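Summary of structural features
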Amino acid sequence: SVGILTGTNTGIIDNIIIDGAISNITSKKTDSLNYFKYGCITGNNSGTITNSYSKTAIFTRGHAISTANCEAYVYKYVGGFAGYNTGLIERSYSNTSISGDAISDKTAVSSRAYISDVTEGGFIASNNGKIYSCYSTGKISSTSKSGGNFAGFIGGNGSSGDIRNCYTTTTV
């Protein structure tokens, strides 16, 4: 997990302002399964984040490479505030520009390379936690040859995801 403040948050983050960039990062995985999570505040949140703001530009590349008789799978989650959330985020917002691409390469006839899932959101890429009174602004302009989920606020909201009193003006 990659974040400007922290890669993974399991504690408490309060009243933080981040103005930065995540760029030129290639999520490259050969012959296995891997999850890549990117966000300005944190790549992976299972803690509590309140009263925080992020302004950043994020550029990432997902790259699955498979060699002889093997399979490579890449799952890429990119969010303007956090990549993956199972915790609580309240009274926070992001102003983010997200761009990047996802490609697959196989180097042998019997191999398979997959960008299995690309999920991007102006605020959170994938949510299975609680998000209250938050918003996002900015732009998402990524590409994926394998499809994916792209949204102005939350790229994907899971069955345990709870979003209340939030909005976005992010363009996709």
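So, here's what we can say about the structure. Nothing here was measured: the structure is a model prediction, and the numbers come from that model. (Residues numbered from 1 in each chain as written. Predicted model: local features only at pLDDT ≥ 70, side-chain atom pairs only at ≥ 80, totals over all residues. Heavy atoms only, no water.)

For the chain, the count of helices and strands is 0 helices and 20 strands. By the burial criterion, 44% of the 172 residues in the chain qualify as buried. Pairs at least 24 residues apart make up 80% of the contacts formed inside the chain by residues separated by at least 6 positions. For the chain, the exposed area adds up to about 7,500 Å²; of that, 47% sits on carbon and sulfur atoms. (Helix = DSSP H or I, 4+ residues; strand = E, 2+ residues; numbered from the N terminus. Buried < 20%, exposed > 50% of the residue type's maximum accessible area, 1.4 Å probe, protein only. Contact = heavy atoms within 4.5 Å. Areas by Shrake-Rupley, 256 points an atom, 1.4 Å probe, with all protein chains shown as cover.)

Pairing is parallel across the open sheet formed by 5 strands, whose spatial order is β3-β7-β11-β15-β19. One side of each edge strand has no neighbouring strand; the edge strands of this open sheet are β3 (12-14) and β19 (162-164). In this sheet, adjacent strand axes meet at a mean angle of 5° when their direction is disregarded. (Pairing = 2+ DSSP bridges. Axes fitted to C-alpha atoms, helices over the stretch in contact; angles between N-to-C directions.)

Let us now look at the sheet that holds strand β2 (residues 6-9). Adjacent strands of a sheet pair through backbone hydrogen bonds, lying either parallel or antiparallel. Spatially, the 5 strands line up as an open sheet ordered β2-β6-β10-β14-β18, and their pairing is parallel. Looking along the sheet, the strands with just one partner apiece sit at the ends: β2 and β18 (154-157). In this sheet, neighbouring strand axes are inclined to one another by 5° on average, regardless of whether the strands run parallel or antiparallel. Sheet topology places β2 next to strand β6 (residues 42-45); 3 bridges connect them, and they run parallel. The partner of T8 across the bridge, within β6, is N44.

Moving on, we get to the environment of G7. Within the element layout of this structure, G7 appears in strand β2. In this structure the C-alpha to C-alpha distance between G7 and N44, which are 37 residues apart in sequence, comes to 6.4 Å. Excluding residues within four positions of it along the chain, G7 makes contact with S1, V2, T42, G43 and N44.

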